[in-house]
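Here is what each chain is made of, one letter per residue.
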Amino acid sequence: MTPEPLLILTHDDVLAQRWASLGSDWSVERGADLSALADWRAQGRRLVLLDGQMPGLPAWQDAGWPGRLSGVELLVGLGTPDDQLGAAVLQAGAGGFCHLYAPLPTVRQALQVVASGELWVGRDLLTRLLRLLDGHPPAQPARGASDAAWAHGLTVREREVAELASLGEANDAIAERLGITARTVKAHLSTAFDKLGVADRLQLALRVHGIR
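About the cut-offs
- Residues numbered from 1 in each chain as written.
- Predicted model: local features only at pLDDT ≥ 70, side-chain atom pairs only at ≥ 80, totals over all residues.
- Heavy atoms only, no water.
- Helix = DSSP H or I, 4+ residues; strand = E, 2+ residues; numbered from the N terminus.
- Contact = heavy atoms within 4.5 Å.
- Areas by Shrake-Rupley, 256 points an atom, 1.4 Å probe, with all protein chains shown as cover.
- Core = buried A, V, L, I, M, F, W, Y, C linked by side-chain atoms within 4.5 Å.
- Buried < 20%, exposed > 50% of the residue type's maximum accessible area, 1.4 Å probe, protein only.
- Pairing = 2+ DSSP bridges.
- Axes fitted to C-alpha atoms, helices over the stretch in contact; angles between N-to-C directions.
- Right-handed = clockwise from strand over helix to strand, strands pointing away.
- Parallel < 35°, antiparallel > 145°, perpendicular 65-115°, else oblique.
- Nonpolar A, V, L, I, M, F, W, Y, C, P; charged D, E, K, R; others polar.

1. Structural notes on the overall build of the chain
Scanning the chain from N- to C-terminus turns up ten helices and five strands. Within the chain, contacts between residues separated by at least 24 positions form 57% of all contacts whose residues are at least 6 apart in sequence. Of the roughly 11100 Å² of accessible surface on the chain, a fraction of 51% belongs to carbon and sulfur atoms.

Given below as structure tokens:
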């Protein structure tokens, strides 16, 4: 199978050389500025890895980002990733962010996630987002129903694990709370992901809380 083409956008030759070695997974091309995005889309291509420190980039709060990123699956490399900056990158329409010099296996994994249309975010930001949902009560079953609609097909234990995970609880904490092992929690969570058709804890949280 031919790998999906990847456009890398950076002025940094050292970084470009590093990212070019991702070519074992993708055929890599390089662009000099954001104007390359339009040409990339015109070729029917969509996966992009952007140097977030590239000179001349608009602020992530710039209203033009959604238009620029229409039809693009973007992973942004940041020099000093933090929750606030990461949230701004996601709000602009990117599919994820990582450190500029993250290990290449991590970058490959992030690109695979973003290319599939899912989000790749830092652990700390993900935990914060999940905990923000704590104030949004999980979807409740209608009167007389035996279960919430989101949990259809889950066992009782899978639902318990999913609900706790949706609030940002770590596997070890869930295991202690439910009196099971962390390995069992991981297995229940994996099964719940498959049954619910979600790819990560953020999607799970949105489903549990009736937001998506």
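2. Notes on the nonpolar core
Within the largest apolar cluster, 24 residues are counted, with the highest numbers of intra-cluster contacts made by L9, V48, L50, W60, W65, L74 and V76. Those elements that provide at least two residues to this core are β1 (6–9), α2 (35–42), β3 (47–51), β4 (73–78) and α4 (83–92). Ranked by residue count, the leading element in this core is α4, at four residues. In contact with L74, not counting residues within four places along its chain, are V48, L50, L69, A94, G95, G96 and V114.

3. A look at the sheet that holds β3
Spatially, five strands are ordered β2-β1-β3-β4-β5 in an open sheet, and the strand pairing comes out parallel. On the outer flanks of this sheet lie β2 (28–31) and β5 (96–99), each paired with one strand and no other. When strand polarity is set aside, the average angle formed by the axes of neighbouring strands in this sheet is 25°. Two elements, β1 and β2, share four bridges in a ladder whose sense is parallel. Across the sheet, L9 pairs through a bridge with G31, a residue of β2. Together, β1, β3, β4 and β5 form the strand contacts of helix α5 (residues 104–115), whose direction differs from that of β4 by roughly 150°.

4. Let's talk about the pairing of β4
In terms of burial, β4 is largely enclosed, as five of its six residues are buried. Bridging between β3 and β4 involves five bridges; their strand directions are parallel. Within β4, the position partnered with L47 by the bridge is E73. Of the pairings in the sheet, the one linking β4 to β5 comprises four bridges and is parallel in character. Residue pairing in the sheet places V76 in a bridge with F97 of β5. Between the parallel elements β4 and β5, the chain passes through α4 in a crossover that is right-handed.

5. Describing the environment of L74
Assignment of secondary structure puts L74 in strand β4. Judged by relative accessible area, L74 falls into the buried class, the value being 2%. Note: C-alpha distance between L74 and L49 (25 residues apart in sequence) is 6.0 Å.

6. Here's the deal with helix α10 (residues 201–208)
Most of α10 is tucked away: seven of the eight residues are buried. Those residues of α10 not exposed but buried are R201, L202, Q203, L204, A205, L206 and V208.

7. Considering the packing of helix α8 (residues 171–178) against helix α9 (residues 182–196)
Orientation of α8 relative to α9, taken along the N-to-C sense of each, is 105°, at an axis distance of 8 Å. The angle between the axes of α8 and α9 places the two elements in the roughly perpendicular class. Judged by residue contacts, N171, D172, I174 and A175 of α8 engage A182, V185, K186 and L189 from α9. Residue classes in the contact of α8 with α9 are distributed as five nonpolar, one polar and two charged.

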